[in-house]
Amino acid sequence: MGRIAGRFARYEPRLRAGRLVLGLLSDLPRKNCWTIAEWAGETSPHGMQHLLSRAAWDADSVRDDVREYVVEHLQDEAAVLVVDETGDVKKGSHTVAVQRQYTGTAGRIENSQVAVFLVYAGERGHAAVDRELYIPRSWTCDPDRCRSAGLGEDTVFATKPELARTMIERFLDAGHHAGWVTGDEVYGGNPKLRAALEERGIGYVLAVACSAEVTTKVGKVRADCLVRRLPRLAWQKMSAGMGAKGHRHYDWAVVDLADPCQGHHQLLIRRNRTTAELAYYRCFSPRPVPLAELVRVAGSRWRVEETFQTEKGLAGLDEHQVRRYPSWARWVTLAMLAHAFLAVIRADEHARHPGPADLIPLSCNEIQRLFIALVVQPVHDAAHRLDWSDWRRRHQARSRTSHYRRQAASQT
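Computed from a predicted model, the values in this text were never measured in an experiment. (Residues numbered from 1 in each chain as written. Predicted model: local features only at pLDDT ≥ 70, side-chain atom pairs only at ≥ 80, totals over all residues. Heavy atoms only, no water.)

Section: the overall build of the chain
For clarity, the cut-off: Secondary structure is summarised from DSSP: a helix means a run of H or I of at least four residues, a strand means a run of E of at least two, and numbering begins at the N terminus for each. Here the globule rule reads 2.2 Å times residues to the power 0.38, and the radius of gyration is calculated from C-alpha atoms. Three labels apply to residues, based on accessible area from a 1.4 Å probe with only protein chains included: buried if under 20% of the type maximum, exposed if over 50%, partly exposed otherwise in between. Here a residue-residue contact requires only that any non-hydrogen atoms of the pair lie within 4.5 Å. For the area figures, the Shrake-Rupley method with a 1.4 Å probe applies, and any residue is considered shielded solely by the protein chains shown.
Counting secondary structure elements, the chain contains 15 helices and 12 strands. The C-alpha atoms of the chain give 24 Å as radius of gyration, which agrees with the globular expectation for 412 residues (22 Å, within 12%). Expressed as lengths along the three principal axes of its C-alpha atoms, the size of the chain is roughly 75 × 65 × 40 Å. Within the chain, the fraction of its 412 residues that count as buried is 48%. Relative to all contacts within the chain whose residues are 6 or more apart in sequence, the contacts with residues 24 or more apart total 63%. For the chain, the computed accessible surface area is about 20,900 Å², with 50% contributed by carbon and sulfur atoms.

In structure tokens form, the structure reads like this:
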């Protein structure tokens with residue numbers, strides 16, 4: 001918290017931000033301003049709500065501090081930047097950027113809010129270092145709606161690959177280095193993103209659809225047609241990295257492409273050894289690299305799913321109950337900081353104390369449990385809980401009275 005202390009003009013919001021981060025790391029079954037305020041010993045949620053909505057501090061500057069913290073502690077020359085989006089299912093139409101759209105969280109089209117994240121994945125660990133909220137056209141075409149949600153007057157529509165490019169360039173412009181970028185078909189199918197990475201000399205292994213056309217010495221060919229021409233000896237069994245059940249072994253093949261641009265362009269194909277399901281990746285590298293390196297980068301994409309799972313399960317990333325953009329940006333940024341703390345502690349513990357063979361290394365889940373149990377002492381006395389019970393019931397009574405008055409007025 002000392003890293004971000006200078007981002008707050010006053011002592012009160014700085015202290016409350018620390019309480020909010022601790023609340024995000026707590027074992028509360030549901031994390032929002034109400035539950036965290038009660039857990040932290042405050043008398044009402046108004047202070048937490050003020051911190052997210054009206055207090056004077058810059059969430060983007062804190063985001064930059066989170067990026068510096070992650071890179072400093074998880075530094076890896078072979079690190080990979082992973083881009084991906086995640087969605088939060090919402091009700092109503094007033095929450096910023098919400099509309100009916102596909103979200104992988106639900107696996108279908110839902111009324112949801114979608115954000116794109118940039119994850120720094122190295123050998124020591126992985127954590128999100130940037131975020132951008134996807135604002136659909138249904139919002140950018142309605143200035144009044146954007147204004148009421150706290151979006152700037154200059155808000156324009158940007159695709160998810162454009163948001164990814166913005167975050168990658170922001171990472172590089174801050175003076176950091178990453179040799180590779182990876183992502184799913186949403187990003188691999190965007191030629192502008194690929195061209196921007198090539199221009200900056202950044203290698204990529206980006207997934208593409210089976211229908212993607214690639215240029216070979218015999219002309220343009222669909223990826224799924226090209227794979228049929230590969231001989232049996234073209235396939236090699238390799239691990240895409242460790243999973244929950246051990247190494248993730250697949251069959252891999254790579255085909256050189258005839259791209260007029262500088263650098264080395266290839267098509268990487270992955271085949272499931274059980275189902276024979278195929279996946280395709282467009283690859284670029286400034287200099288020749290072995291197949292094992294492309295496989296390593298492709299396997300890094302799973303790190304973003306692990307990051308989302310941990311950020312949501314342990315740091316409350318998706319549990320915000322806010323409607324306006326400034327509050328969303330502040331909540332998500334502090335959740336990123338909370339998760340980054342767990343990721344850094346995990347990396348340091350693994351380096352300093354490998355542990356005996358009969359114990360698995362400390363996980364983020366176990367670190368969170370120990371931290372809350374041994375370090376943090378939340379307020380749980382009876383008087384505090386009874387005061388909060390009175391406050392909730394009084395608030396609910398006011399809400400009910402207000403609802404009845406609006407209902408009666410609409411009927412007259």
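Here the narrative resumes, following the displayed structure.
Things to note about the pattern of salt bridges
Formally: Salt-bridge detection follows one rule: a side-chain nitrogen of Lys or Arg within 4 Å of a carboxyl oxygen of Asp or Glu.
Enumeration according to the criterion identifies 25 salt bridges in this entry. Arg16 serves as the salt-bridge partner of Glu42, at 3.0 Å between the closest nitrogen and oxygen. One end of the pair, Glu42, is in the loop between α2 (33-40) and α3 (46-53); the other, Arg16, is in helix α1 (residues 11-24), with 26 residues separating them in the sequence. Asp64 is the partner of Arg67 in a salt bridge, and the nearest nitrogen-oxygen pair spans 3.2 Å.

What about the packing of aromatic side chains?
To keep it simple, the criterion reads: For this analysis, a ring pair means two rings from Phe, Tyr or Trp (six-membered ring only for Trp) whose centres lie within 6.5 Å, classed as stacked if their planes differ by under 30 degrees, edge-to-face if by over 60, and tilted for the remaining angles. For a ring to carry a charge above it, either NZ of a lysine or CZ of an arginine must fall within 6 Å of the ring centroid while also lying within 35 degrees of the normal to the ring plane.
The tally for this structure, following the rule as stated, stands at 10 aromatic pairs. A connected cluster of aromatic rings, assembled from ring pairs, spans Tyr250, Trp252, Tyr281 and Trp302. A cation sits over an aromatic face here: Arg145 above Trp139, 3.8 Å from the ring centre.

Re the packing of α1 against α2
Where we set the bar: Axis definition: a line fit to C-alpha positions, over the contact stretch in the case of helices; interaxial angles, taken between N-to-C directions, run 0 to 180 degrees. Angles are sorted into four bins: roughly parallel if under 35 degrees, roughly antiparallel if over 145, roughly perpendicular if 65 to 115, and oblique for all others. Side-chain classes follow a simple rule in which Ala, Val, Leu, Ile, Met, Phe, Trp, Tyr, Cys and Pro form the nonpolar group, Asp, Glu, Lys and Arg form the charged group, and the remainder, Gly included, forms the polar group.
The contact between α1 and α2 brings their axes to 9 Å, and the two run at 105°. Taken together, the axes of α1 and α2 lie roughly perpendicular to each other. Here α1 contributes Arg19, Leu20, Leu22, Gly23 and Leu24 to the contact with α2, which in turn contributes Ile36, Trp39 and Ala40. Of the residues belonging to the contact of α1 with α2, the class tally is six nonpolar, one polar and one charged.

Quick notes on the environment of Asp251
Put simply, the rule is: Polar contacts, as counted here, are pairs of nitrogen or oxygen atoms within 3.5 Å of one another; within protein the pair requires one atom able to donate a hydrogen and one able to accept it, and residues that are adjacent in sequence qualify only if both atoms are side-chain atoms.
Inspection of the secondary structure puts Asp251 in strand β10 (residues 246-256). Its relative accessible area of 10% is what places Asp251 among the buried residues. Separated by 14 residues in sequence, Asp251 and Lys237 have C-alpha atoms that sit 4.4 Å apart. Contact partners of Asp251, with chain neighbours within four places excluded, come to Trp235, Gln236, Lys237, Ile269, Arg270, Arg271 and Arg273. At 2.5 Å, the side chain of Asp251 and the side chain of Arg273 are in polar contact.

Side note on the environment of Val82
Locating Val82 in the fold gives a position in strand β1 (residues 80-89). Note: C-alpha distance between Val82 and Val297 (215 residues apart in sequence) is 9.4 Å. Not counting the four nearest positions on each side in its chain, Val82 is found in contact with Phe117, Leu118, Val119, Ala121, Thr182, Ser300, Arg301 and Val304.

Re the environment of Asn365
Locating Asn365 in the fold gives a position in helix α14 (residues 364-374). On the basis of relative accessible area, Asn365 is assigned to the partly exposed category, the value being 36%. Considering only alpha carbons, one finds Asn365 and Leu342, 23 residues apart in sequence, at a separation of 8.5 Å.

Looking at the pairing of β10
Convention followed: DSSP bridges decide pairing: two strands pair if at least two such bridges lie between them.
As defined by bridge partners, strand β9 (residues 236-243) adjoins β10 across six bridges and the pair is classed as antiparallel. Counted as the bridge partner of Gly243 is Gly246 from β10. Alignment of β10 against strand β11 (residues 264-271), held across six bridges, turns out to be antiparallel. In the sheet register, Val254 faces β11, and the bridge partner there is Leu268.

A few points about the packing of α1 against α3
Two elements in contact, α1 and α3, have axes whose closest approach is 10 Å; the angle formed by their N-to-C orientations is 105°. Here α3 runs roughly perpendicular to α1, going by the angle between their axes. Counting all contacts with α1, which are made through Pro13, Arg16, Ala17, Arg19 and Leu20, the residues of α3 involved are Gly47, Met48, Leu51 and Leu52. Per-class residue counts for the contact of α1 with α3 are six nonpolar, one polar and two charged.

Notes on unusual backbone geometry
Negative phi values dominate among residues other than glycine, just as trans dominates among peptide bonds. The phi dihedral of Ala97 is positive, around 70°, even though this residue is not glycine. The residue Ala97 is located in the loop between β1 and β2 (99-103) in this model. What makes Ala97 buried here is its relative accessible area of 0%. At Ala276, a position not held by glycine, the phi torsion is positive, near 65°. Position of Ala276 among the secondary structure elements: in the loop between β11 and β12 (278-285). Taking relative accessible area as the criterion, Ala276 reaches 48% and is therefore assigned partly exposed.

Here we look at a nonpolar patch on the surface
Here is the rule we go by: To count toward a patch, a residue needs a relative accessible area over 30% and no salt bridge; like charges are then connected within 9 Å, while nonpolar side chains (Val, Leu, Ile, Met, Phe, Trp, Tyr) are connected within 5 Å.
Taken together, the side chains of Leu362, Leu370, Leu374 and Val375 make up a nonpolar region of the molecular surface, amounting to roughly 360 Å² of accessible area. For Val375, a relative accessible area of 54% puts it in the exposed group.

Some details on the side chain of Thr103
Structurally, the position occupied by Thr103 is in strand β2. Setting aside residues no more than four positions away along its own chain, Thr103 makes contact with Gly87, Arg108, Glu110 and Ser112.

Remarks on the pairing of β2
The pairing of β2 with strand β3 (residues 108-121) spans five bridges and is classified as antiparallel. Within the sheet, the bridge partner assigned to Arg100 lies in β3 and is Asn111. In this antiparallel pair of consecutive strands, β2 and β3, the connection spans four residues, and Gly107 shows a positive phi of 75°.

Things to note about the side chain of Lys90
Note the following rule: Just so you know, the count uses Lys and Arg for positive and Asp and Glu for negative, and it drops His and the chain ends.
Structurally, Lys90 can be placed in the loop between β1 and β2. Of the side chains bearing the opposite charge, Asp88 lies closest to the buried Lys90, which forms no salt bridge; the N-O distance is 5.1 Å. Setting aside residues no more than four positions away along its own chain, Lys90 makes contact with Val98, Asn111, Ser112, Gln113 and His320.

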